[in-house]
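Residues per chain are reported as follows:
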Amino acid sequence: MSTQTSNTALPATSAPPHAPTYECGLLTPTPDPIKSIETSRVLPRWLFVRVETESGIVGWGEATLEGHSEAVEGAFEDLRERFVGWDSDNIEDIYQSAYRHRFYRGGEVLMSAISGLDIALWDIKGKRLGVPVWQLLGGKVRDRVAVYGWIGGDKPSDVLEAAKARKAQGFTAVKMNAVESLAWLDSPHALDATVKRIEEVKSVGLDVGLDFHGRVHKPLAKQLARLLEPHRPLFIEEPLLPGHVEELKKLYQQTTIPIALGERLFSRQDVRPYFEAGCIDIIQPDIAHAGGISETRRIANMAETYDIGVAPHCPLGPIAFAASLQIAISTPNFVICEMSWQMHYNAGSYDLLTYLVNPEVFAVKDGMVDALTAPGLGIEINEEAVRRCAEESKGFSWRNPVWRGPDGAVREW
């Protein structure tokens, strides 16, 4: 089969004179282009993003994807190539271009990278205008933000003493893992310890959320929800793995306990099936995974339409927490925010406050943190400490535990 070509040349097409090429996106009347985009992998398991503009404004973001920092760093190679030189004021133009212009979209790696860049750009815009980010989101709807701390670790133990310590720190609510390692179908007695632990924590006078963490499969999830019903937990989180919308809907109809999930959902498109199925009460977008402030805000607005509360997932670093607080301060259907201060992943010398010049802004009193008031994200990052840790821990990569049952079969962590 041959291909014939015409000898008649087609008329040339040309762009109108002075037509914009948009090589660096849209421009504002007084652009402040992005000069550099840096990432720093720091202990205990976080990925910080530093964006600097040509005028010298520095914004910080967080793109932590626990256990997958290398993949997110790879995504930043592309973002750096594309967006250095773009006007830092045009956050939405950059978001849309980052999300849509490479054809493949979504997923935890790309969305975490976009999150880190997006958060940093909001920080820059707030600093440029001299206002906290929540002012740019429509202003505040509350003066203080409810938070909860963690107790118990990956395999929950000593929860009574930990609950007493959290209460002394000013918390009124905590979260703990509901179970340890479970088989797809396990002995019902494997759930007895969960009931005992919630009784102990409630005896201290704290509310408690229970994170099933996707470890509990359908045969046991409905049993555990039934056992917990008399003890009235604040919520149960990820009672089934993401993707089981119809199964979750059936579980929802069997319990009065509020059901929460969302840390493994990364966009409005991801959360939509759960909203439409009416199978959750609380959505938990992680601002370091779910498109940063821009997309998390949209998820929150969408949730309000379905009378669903927003409880940002945030077992991460200070930048992600500060960004989550900006959402909390300005979102009517916000309910409570996770706080990683002294949680089990932050063992050793590196914790939520380690990289802050102004750690007092995260002080907990009566279960709440005061609204942040400084420009941008409202925190001051100790850049010297970030660079020092990144250099000293070069090559370190946090990895989550890997569990197998006594038969050798893989189990959910």
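This report concerns the structure included in the present document. (Residues numbered from 1 in each chain as written. Predicted model: local features only at pLDDT ≥ 70, side-chain atom pairs only at ≥ 80, totals over all residues. Heavy atoms only, no water.)

## A closer look at helix H3 (residues 108-129)
Where we set the bar: Helical segments are the DSSP runs of H or I of at least four residues, strand segments are the runs of E of at least two, and each set is numbered from the N terminus. Expected span of a helix: the number of residues minus one, times 1.5 Å.
In this model, H3 (22 residues) spans 31 Å end to end at C-alpha, consistent with the 32 Å of a helix rising 1.5 Å per residue. The positive-phi residue at the C-terminal boundary of H3 is glycine 130, with phi of around 75 degrees.

## Topic: the side chain of glutamate 263
Stated formally: Between buried and exposed lies partly exposed: a residue is buried under 20% and exposed over 50% of the maximum accessible area for its type, with that area taken using a 1.4 Å probe on protein chains only. We count Lys and Arg on the positive side and Asp and Glu on the negative side, and we leave His and both chain ends out. One speaks of a salt bridge when a side-chain nitrogen belonging to Lys or Arg is within 4 Å of a carboxyl oxygen belonging to Asp or Glu. In what follows, residue pairs with any heavy atoms lying within 4.5 Å of each other are defined as contacts.
Residue position: glutamate 263 is located in the loop between strand E8 (259-261) and helix H9 (268-277). We note that glutamate 263 is buried and unpaired, the nearest opposite charge coming from arginine 264 at a distance of 5.1 Å. Non-local contacts of glutamate 263, meaning those with residues more than four positions away in its chain, are made with Glu237, Glu238, Gln284, Asp286, His289 and His313.

## Considerations on the sheet that holds strand E2 (residues 46-53)
Cut-off, in case you're wondering: What makes two strands pair is DSSP finding at least two bridges between them. Axes, fitted as lines to C-alpha atoms, cover a helix only where it is in contact. Angles between the N-to-C directions of the axes lie from 0 to 180 degrees.
Across the sheet, which stays open at both edges, the three strands sit in the order E1-E2-E3 with antiparallel pairing between neighbours. Each end of this open sheet is capped by a strand with a single partner; those strands are strand E1 (34-42) and strand E3 (58-62). Shown here is a sheet whose adjacent strand axes are inclined to one another by a mean of 20 degrees, direction ignored. Of the pairings in the sheet, the one linking E1 to E2 comprises eight bridges and is antiparallel in character. Bridge pairing links isoleucine 34 to threonine 53 in E2. Strand contacts of helix H12 (residues 383-392): E1, E2 and E3, with the helix running at about 60 degrees to E1, the strand carrying the most contacts.

## So, the pattern of salt bridges
Under the definition given, this model contains 28 salt bridges. With its nearest N and O atoms 3.0 Å apart, the salt bridge here joins glutamate 383 to arginine 387. In this pair, glutamate 383 and arginine 387 are both assigned in helix H12, four residues apart and thus about one turn of the helix distant. Its relative accessible area of 37% is what places arginine 387 among the partly exposed residues. One network of salt bridges, in which partners are shared, links Glu38, Arg50, Glu52, Glu383 and Arg387.

Purely geometric numbers; function is a separate question.
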